[in-house]
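Remarks on the overall topology
Chain by chain, the residues:
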There are 2 protein chains.
Amino acid sequence: MTALETDIGTGTNHFAELAADLLGPKGWTAIADDLEPWLTDWRGRYSGKAIGLASPASTQEVSALVKLCARFNVPIVPQGGNSGMAGGATPDASGSAILLSLRRMNTIRELDATAGLAVCDAGVILQTFHEAAEDAGLRFPLTLGGKGSATIGGLISTNAGGTQVLRHGTMRAQVLGLEAVLADGSVFDALTALKKDNRGFDLKQLLIGSEGTLGIVTGATLRLLPAPKARATAWVGLKSILDARALLRRVDRALGDTLEGFEVVPDHCLDSVLAHLPAARSPLNERHAWHALIECVGVDGDDTELREKLEGALADAAEDGLLSDAVIASNERQADDFWTLRDSISAAERALGPAMQHDISVPVEKMPEFILAASPAVEKEFPGTRAVAFGHLGDGNVHFHILAPKGAVPGEWEEGQGKQVSARVYDLVTQWGGSISAEHGIGQMKVGELGRLGDPVALAIMRAVKQALDPQGLLNPGKLVPMAVE
Amino acid sequence: MTALETDIGTGTNHFAELAADLLGPKGWTAIADDLEPWLTDWRGRYSGKAIGLASPASTQEVSALVKLCARFNVPIVPQGGNSGMAGGATPDASGSAILLSLRRMNTIRELDATAGLAVCDAGVILQTFHEAAEDAGLRFPLTLGGKGSATIGGLISTNAGGTQVLRHGTMRAQVLGLEAVLADGSVFDALTALKKDNRGFDLKQLLIGSEGTLGIVTGATLRLLPAPKARATAWVGLKSILDARALLRRVDRALGDTLEGFEVVPDHCLDSVLAHLPAARSPLNERHAWHALIECVGVDGDDTELREKLEGALADAAEDGLLSDAVIASNERQADDFWTLRDSISAAERALGPAMQHDISVPVEKMPEFILAASPAVEKEFPGTRAVAFGHLGDGNVHFHILAPKGAVPGEWEEGQGKQVSARVYDLVTQWGGSISAEHGIGQMKVGELGRLGDPVALAIMRAVKQALDPQGLLNPGKLVPMAVE
């Protein structure tokens, strides 16, 4: 089994046999029932087929498998927790690719509490990693809704965000070292964490956020921070989104390095959530056009101290007319209740009917003006729709959802007018210098729109780099990198 | 003048005429006296020749010039302040290249104090930028010895470090947006600062630290921080470098986000400095094997408050036997005196005779053990030499200097035994998982050693990326990217 000619002659069956030999019964299956759960993304939007499901147990096995794929020209779709937002881990319908699951590689190889870092396999689940950090008296400062399924490798490949980016940055900021298998099966080992290293292009940065199109992340060295000791959470009522920005600046200055979250919620979203969760209560008695959820976390001092500091900043802001009313959570439970309101918005909006969801960013300073300009623009162009914007104002990143007109048929509207709505939203975002994907990635969902709206110079570099590192085009084809227009 | 054939036929003279037409008398010169100051690096180690010196006034002129160079196959050596440490901005001896100076592009295009950012031309000098930030009540948190000549573009292209990396990161962490001219003359415009943007490969990260080999940085958006309000500086006497690490951990925990600098100085270096600067005094009365210079900077509170906090942490450490003696600067002038001692080490060492200087890093936690193992190893292999390590312990980055044996002939020793010494140091660093260039870059000085010691997988990616983005090989040839061994 050495000559390439022989291999090609025998085709896919031969490849599957060799993959089974290489990976053993735990590492390879082509049984339809085994594959089925992983062939559709968790939101049920994308579905595909695959030759088989490979679940290698080590970096060496990933390397050997990729070499085998290169020999047989078999495309590879890497998959972590299958909880991505853009269909980036779902194969296409051709059935020519294999699914490469990293889930069996789930060992925390090393956790050095003194140095404040851990070396993880790509398949370690975020929540498991959080718990390991906590057990060591530390904290991994990135979290998001899918933490029970999302893997370290997936989070790195999509440069995931979450609710603590304001202070701690996206996944990119957490990665101190990286290990990946490249398209030719070679292992790029840059796991050693060096605070300073100027030995050429930063290839680690190139792989982060590349959605498995340049290499398959197999391991990473991640930073750990001291465990938080104090928390203060406030719910604030505001007259306008412009006041929200002014308040953000104020709180940021007053609370400096403790400010972790600044989320905005329009009254419409709060209404939907209160209707959706019968047990939930509005934190404030009066109604307000906008709400801000503010969270501060300190590594020294205590809750009381931090709450007083936040209270002082809010009192100052109230005096200057920047906010209408505010309440500071008096205990963890109340703080969690505030966050439940915020985290239930998507589910509550879904109950209202069809909607197009857009994970967008513009420069932080411009977001209020963008919301004020884009919302009526879209609503006017598509009568009966309603624009709601909520989320990470502190990151210049909101979830900009357009709710369908009343009576729109679920499933039908999204495929028809909904697509026009999205194209319009992305046009507006691009005109404002923003991003059509702030944190969810491109995957297969937005690859067409990136091709349409992306800077041609940037797209040309992306294609050249992709071609250089994956000349056979086998790594997660059809994702992230738009095809060149002939 | 449209057909490539015609251009090649007329050669270099024709190219120079067209360059002169394009850039005007301020933008182009081929006069030897004009070129001369820029053909040798500031330390006088590297010297070369060039067709001419181009000084474009705008990104558009850079773009047009690069297109012209591509047409005539003329290599380009970009240059900022000509104060690099690795010969990265000096052309080779062939005389086939042009020097492309960014110094005429020295406008701060925008400074938005509220948003905390500025958009700069590549040729803005660091000190000028510091002053502009200060005038706006802000601070640009990166500084280094060459700030009077170093340009923003050069600092980005070399991912410069300095003395505040411990808290604020290298240049990479300061860059929010980037503009660069690519090998085909196209302009990559990613100046808009987006806190979150997952639209594909992070090409900005690829260009940072690429030393002009993938593109010519023409502008950048940089972050600005609130101006510091409080400063506390301490000079500490220590028994060992191991105690220095323990103290670093302790101070880091106690002073959290205010710790900006943690520099170590062996007694030998302090001695040399005191001999070199007659007016200087040792901050402590007793002698100590090692010294640490600790600097804390706060954006709220005052000096007294911060000094007390630092004093408390040092008192605790003294009780646990981690330090022998310490003094906190009682005013700005005393703090500056401490820094003068630190900043004079290189000059003082030079007065002692020839030495080989190595800007190296290993994982922060391993640096004390590295110093303890590598120093005697080198001294034993090269009898009469002396190893001194000083600098940024908090970054895992020291300047590891090997002083020549007594009687060594300056100029001769460096080219003979000195080279063997350096190779041995780089071998050791590589064995320890470290970097042969922590902050100075590779340039032409270390490109051979990177080729010898770099990870072959990483080198292969670098070459593939270089080939993809600069297929003619015209951007700063011979720098950073080691040639493939045939």
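The name given to chain A in an unreviewed UniProt entry is 2-hydroxyacid dehydrogenase, with the source organism recorded as Erythrobacter longus. One UniProt comment on chain A, placed under Cofactor (unreviewed entry), says "FAD". Taken from UniProt, the Sequence similarities (unreviewed entry) comment for chain A reads in full: "Belongs to the FAD-binding oxidoreductase/transferase type 4 family."

Details of the relation of the copies chain B and chain A
You can overlay chain B on chain A at an RMSD of 0.0 Å; the transform is a turn of 180° with a shift of 0.0 Å along its axis. Accordingly, the operation relating the two chain copies is best matched by a two-fold axis. Most of the interface of chain B is mirrored in chain A, where 100% of its interface residues again form contacts.

Digging into the interface of chain B and chain A
Of the residues lining the interface, 66 residues belong to chain B; the matching set on chain A comes to 67 residues. Taken together, both faces of the contact between chain B and chain A bury some 5200 Å²; the carbon and sulfur share is 64%. Along the contact surface separating chain B from chain A lie eight salt bridges. The set of elements that each furnish at least two residues to the side of chain B that touches chain A consists of helix H6 (165-168), strand E9 (187-190), helix H8 (203-207) and helix H17 (456-469) of chain B. In terms of residue class, the side of chain B that touches chain A is made up of 29 nonpolar, 22 polar and 15 charged.

Some remarks on the packing of helix H14 (residues 367-381) of chain A against helix H15 (residues 417-431) of chain A
Residues and elements named next belong to chain A. Contact pair H14 / H15: the axes reach a minimum separation of 11 Å and the direction vectors enclose 150°. The orientation of H14 with respect to H15, classified from their angle, is roughly antiparallel. Crossing geometry of H14 relative to H15 is assigned as right-handed. Contacts between H14 and H15 involve Phe370, Ala374, Ala377, Val378 and Glu381 on the former and, on the latter, Val421, Arg424, Val425, Leu428 and Val429. A breakdown of the residues in the contact of H14 with H15 according to their chemical character gives eight nonpolar, no polar and two charged.

Focus on the sheet that holds strand E4 (residues 98-101) of chain B
Residue and element names in this part refer to chain B. Read across the open sheet, the four strands follow the order E1-E2-E4-E3; overall the sheet is mixed. Strand pairing shows two members of the sheet lacking a second neighbour, strand E1 (28-29) and strand E3 (76-79), which therefore form its edges. Bridging between E3 and E4 involves four bridges; their strand directions are parallel. Looking at E4, one finds that Pro78 is bridged to Leu100.

Points about the pairing of E9(B)
All names here are of chain B. As judged from the four bridges shared by strand E8 (residues 175-182) and E9, these two strands associate in the antiparallel manner. Directly across from Ala180, in E9, lies its bridge partner Phe188. Count of turn residues in the E8/E9 antiparallel hairpin: four residues, of which Gly185 carries a positive phi of about 90°.

Examining the domain arrangement of chain A
Residues and elements named next belong to chain A. If you check the domain split of chain A, you get domain 1 (4-101), domain 2 (109-226), domain 3 (230-345) and domain 4 (353-440). Both faces considered, domain 2 and domain 3 share a buried interface measuring about 710 Å² in area, 51% of it formed by carbon and sulfur atoms. Three residues stand out in domain 2 for area buried against domain 3, namely Thr163, Leu166 and Arg167, and they jointly supply 76% of the buried area on that side. Run the count over domain 2 and domain 3 and you get two salt bridges. The partner of Arg167 in a salt bridge is Glu260, with the nearest N and O atoms 3.5 Å apart. Taken together, the links from domain 2 to domain 3 amount to four residue pairs in polar contact (both at pLDDT 80 or more). In terms of residues, the side of domain 2 that touches domain 3 owes the most to one element, helix H6 (residues 165-168), which gives three residues. Residue classes in the side of domain 2 that touches domain 3 are distributed as two nonpolar, three polar and two charged.

What counts, and at which threshold
Residues numbered from 1 in each chain as written. Chains lettered and ligands numbered in written order. Predicted model: local features only at pLDDT ≥ 70, side-chain atom pairs only at ≥ 80, totals over all residues. Heavy atoms only, no water. UniProt positions renumbered as here; feature names shortened; annotations may be inferred. Least-squares fit on C-alpha atoms with pLDDT ≥ 70 in both. Contact = heavy atoms within 4.5 Å. Buried area = accessible area lost by both parts, 1.4 Å probe. Salt bridge = Lys/Arg side-chain N within 4 Å of Asp/Glu carboxyl O. Helix = DSSP H or I, 4+ residues; strand = E, 2+ residues; numbered from the N terminus. Nonpolar A, V, L, I, M, F, W, Y, C, P; charged D, E, K, R; others polar. Axes fitted to C-alpha atoms, helices over the stretch in contact; angles between N-to-C directions. Parallel < 35°, antiparallel > 145°, perpendicular 65-115°, else oblique. Left-handed = near helix turned anticlockwise from the far one by under 90°. Pairing = 2+ DSSP bridges. Domains from an automatic or database assignment. Polar contact = N/O pair within 3.5 Å; in protein donor to acceptor, adjacent residues only side chain to side chain.

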